[in-house]
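If you want the building blocks of each chain, they are given just below.
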Amino acid sequence: MTRPAPPMPLRSTAPVALALAAALLAAGCVNLAPPYQAPAPAVPATLDGGAAAPAPASDIGNVPWESFITDPRLRGVIAQSLEANRDLRVAALAIERARAQYGVSRADLFPTLNATGAGTRSRTADDLTTAGRSNTSAQYNAQIGFASYEIDFFGRVRNLNDAALQEFLRVGENARSVRLSLIADVAGAWLTLDADARRLLLARETLRTREQSLSLAQRSYEQGATSGLTLTQTQTTVDSARADIATTTAQLAKDRNALHLLAGGPVADALLPPVALEALAPPPPPAAPSPAPAQSPAPGGTPSPSGADRAGSPDPARWQRTPARVAPLLAVPASLPSSTLLRRPDVQAAERSLQGSFASIGAARAAFFPSITLTTSVGTASNELSGLFGAGNGTWSFAPQIRLPIFDAGRNQANLRIAEVARDTAVAQYDKAVQTAFREVADALAERATLQDRVQAQQSLVSTSQRALDLTLARWRLGADSYLAVLDAQRSLYSAQLGLIAVQLAEQSNGVTLYKVLGGG
């Protein structure tokens, strides 16, 4: 009866246990990386928020975009962009790639255990044997073990792993920055679409009123009361209005295309600003002008054409629309601490790069010291496959190796210098990121401080320009002014109306910009 093979002697596992113990010991070894300390921000300690009432600094930039954006249509577009925008998708894939790279680096902290099995059969020639006869030999073995595992006494592997971890975290912060920028860009594109739609409605109404003026000037010219110069100048205002309509129509289409690109696909009409749908619809056909009776010269030699009292003056009901209000005004304390900017994702990404550069210095310093690697295995071998796991056929090997750098022609020193320069570069980039953040917030706050005055001043300018046009038209009908004064008043009013739309857009865009530069979302 065949006896069962006895268990493998415990002493054959001693090399593996010794190697594993050495690996655990390495966890408490020396770390040659310089201690990390974030540089002091190279900016003033506070920003002037200019708020009338104090606001808690901890709340600045911590508002979720779903709460910050109040318009449901814009929220729908942003939600679509966060799902389908290709730049954001690329950023998410970059995170996955960095996570995988970190996994590769982290694996170097542990030995790679492999199981191998091999079998060979060979025949020896007659002339090569002592007995002068050929023979056939066989050998089979099965082993488990690891090769060239570095005992990390000086922290080289751990610092490389820390550098990979910081790179992974940096990529994550970059993705957060892309996401925040996307939210702000979508909101900006949506607001621009709203503003350009109002510009198009204004341009159409301006063309209508200038065509009225041209009709009046034509009749005056036919009666001999207006010079050909006045008629020609009136025609130029009509042509200018037509050009503005064509330009604004093209710009409105570009705005919509830009919004589609940011959203990652077509945006439903229900999610567009209401005024954009009105502007994108075909304009109604112009009404046929009513015939005007013959005119008699007014005092001063200028005829007074009849017609509506406001002929030549734009009708506010035809173009004025309430500008979109998509977000509330963020409450910013009168003295906003600059440390608030350190939460911005771009600043966080710069700091991650800086932390990784410190770890790289530790890895470069470790190259000056000896390194120890282990190769060990345990297994069994036999000249017959049936006896591979038989008694007495156990094998083991234990092969430590130490490498001591003696002469490398300055390679290690150069690598250390590269790491130190990379650290200094990362410090400068971190300082630049903080300074850029400070400047962006300061600019947004400076603009916000004057926006209310600008809006009020522009509204007053529109009202005053409208009144000036009405008075000029009345004086022209009485013969007290030439029609050139009417043309100048029309141009001034049109310019003021465009300025009002622009400053209203700036007001809403500033709120979105401030949310972005404070790191919200």
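Scroll up a little and you will see the structure.
Just so it is clear, the model here is predicted, and its values are computed rather than measured.

Another aspect to go through is the overall build of the protein. For the protein, the count of helices and strands is 11 helices and 6 strands. In the protein, which comprises 521 residues, the share counted as buried stands at 40%. For the protein, restricting intrachain contacts to residue pairs at least 6 apart in sequence, the fraction spanning at least 24 positions comes to 85%.

Going through the model one piece at a time under the given rule, you end up with 6 aromatic pairs. Consider the rings of phenylalanine 68 and tyrosine 515, whose centres lie 4.1 Å apart with planes at 5 degrees: the pair is stacked. Placement of the pair is phenylalanine 68 in helix α2 (residues 65-68) and tyrosine 515 in helix α11 (residues 483-517), with a sequence separation of 447 residues. Grouping residues by exposure puts phenylalanine 68 and tyrosine 515 together as buried. With a centroid separation of 4.7 Å and 65 degrees between ring planes, the pair formed by tryptophan 476 and tyrosine 483 is classed as edge-to-face. Here the two residues tryptophan 476 and tyrosine 483 agree in accessibility, since each one is buried. Above the face of the tyrosine 494 ring, arginine 210 is positioned so that its terminal group lies 5.2 Å from the ring centre.

Further remarks concern a nonpolar patch on the surface. Judged by side-chain polarity, Leu404, Ile406 and Phe407 come together as a nonpolar surface patch covering roughly 440 Å² of accessible area. One can find leucine 404 in the loop between β6 (394-403) and α10 (411-477). Judged by its relative accessible area of 54%, leucine 404 falls in the exposed class.

A separate point is helix α4 (residues 86-107). Compared with an ideal rise of 1.5 Å per residue, which puts 22 residues at 32 Å, α4 spans 32 Å between its outermost C-alpha atoms and is within 8% of the ideal. Of the residues making up α4, those classed as buried are Leu88, Ala91, Ile95, Ala98, Tyr102 and Ser105. The arc that holds every buried residue of α4, seen down its axis, measures 90 degrees, which confines them to one face. Projecting away from the buried face of α4 at angles above 90 degrees are the exposed residues Val90, Leu93, Arg97 and Val104. The opening residue of α4 is asparagine 85, an N-cap whose side-chain oxygen sits 3.0 Å from the backbone nitrogen of aspartate 87.

Position of threonine 236 among the secondary structure elements: in helix α6 (residues 228-263). As a C-alpha pair, threonine 236 and arginine 210 span 26 residues in sequence and 9.7 Å in three-dimensional space.

Each strand in a sheet pairs with another by means of backbone hydrogen bonds, the pair being arranged parallel or else antiparallel. Here we have 4 strands laid out as an open sheet, ordered β2-β3-β5-β6, and antiparallel in their pairing. Looking at the sheet topology across the chains shown, the edges are occupied by β2 (114-124) and β6. Pairs of neighbouring strands in the sheet enclose a mean axial angle of 25 degrees, with direction left out of account.

Evaluated as defined, the whole model comprises 22 salt bridges. Here arginine 158 and aspartate 152 are joined by a salt bridge, their closest N and O atoms 3.4 Å apart. Salt-bridge contacts for glutamate 173 lead to arginine 176; the nearest nitrogen and oxygen are separated by 3.2 Å. With a gap of 3 residues between them, glutamate 173 and arginine 176 both fall in helix α5 (residues 156-222), about one helical turn apart. Counted as one network, the salt bridges with shared partners bring together Glu211, Asp239 and Arg242.

The subject of this paragraph is the side chain of aspartate 196. Mapped onto the secondary structure, aspartate 196 falls in helix α5. Look at aspartate 196 and you get buried, because its relative accessible area is 6%. Engagement of the side chain of aspartate 196 in a polar contact is seen with the side chain of arginine 199, the distance being 2.3 Å. Filtering out sequence-adjacent residues up to four positions away, aspartate 196 remains in contact with Thr248, Gln251, Leu252 and Asp255.

Its place among the elements puts alanine 125 in the loop between β2 and β3 (135-151). On the accessibility criterion, alanine 125 (33% relative accessible area) is partly exposed. Taking the C-alpha atoms as reference, alanine 125 lies 7.4 Å from asparagine 135; in sequence the two are 10 residues apart.

Put simply, helix α3 (residues 72-84) and α6 touch, their axes get as near as 7 Å, and they point 50 degrees apart. If you check the angle between α3 and α6, you find them oblique. Note on element contacts: α6 touches α3 through Leu259, Leu262 and Ala263, opposite Val77, Gln80, Ser81 and Ala84. A class-by-class count of the residues in the contact of α3 with α6 yields 5 nonpolar, 2 polar and no charged.

Conventions we followed
Residues numbered from 1 in each chain as written. Predicted model: local features only at pLDDT ≥ 70, side-chain atom pairs only at ≥ 80, totals over all residues. Heavy atoms only, no water. Helix = DSSP H or I, 4+ residues; strand = E, 2+ residues; numbered from the N terminus. Buried < 20%, exposed > 50% of the residue type's maximum accessible area, 1.4 Å probe, protein only. Contact = heavy atoms within 4.5 Å. Phe/Tyr/Trp six-rings, centres within 6.5 Å; stacked < 30°, edge-to-face > 60°. Lys NZ or Arg CZ within 6 Å of the ring centre and 35° of its normal. Patch = residues over 30% accessible without salt bridge, like charges linked within 9 Å, V, L, I, M, F, W, Y side chains within 5 Å. Areas by Shrake-Rupley, 256 points an atom, 1.4 Å probe, with all protein chains shown as cover. Salt bridge = Lys/Arg side-chain N within 4 Å of Asp/Glu carboxyl O. Expected span 1.5 Å × (residues − 1). Arc of directions from axis to C-beta. Polar contact = N/O pair within 3.5 Å; in protein donor to acceptor, adjacent residues only side chain to side chain. Pairing = 2+ DSSP bridges. Axes fitted to C-alpha atoms, helices over the stretch in contact; angles between N-to-C directions. Parallel < 35°, antiparallel > 145°, perpendicular 65-115°, else oblique. Nonpolar A, V, L, I, M, F, W, Y, C, P; charged D, E, K, R; others polar.

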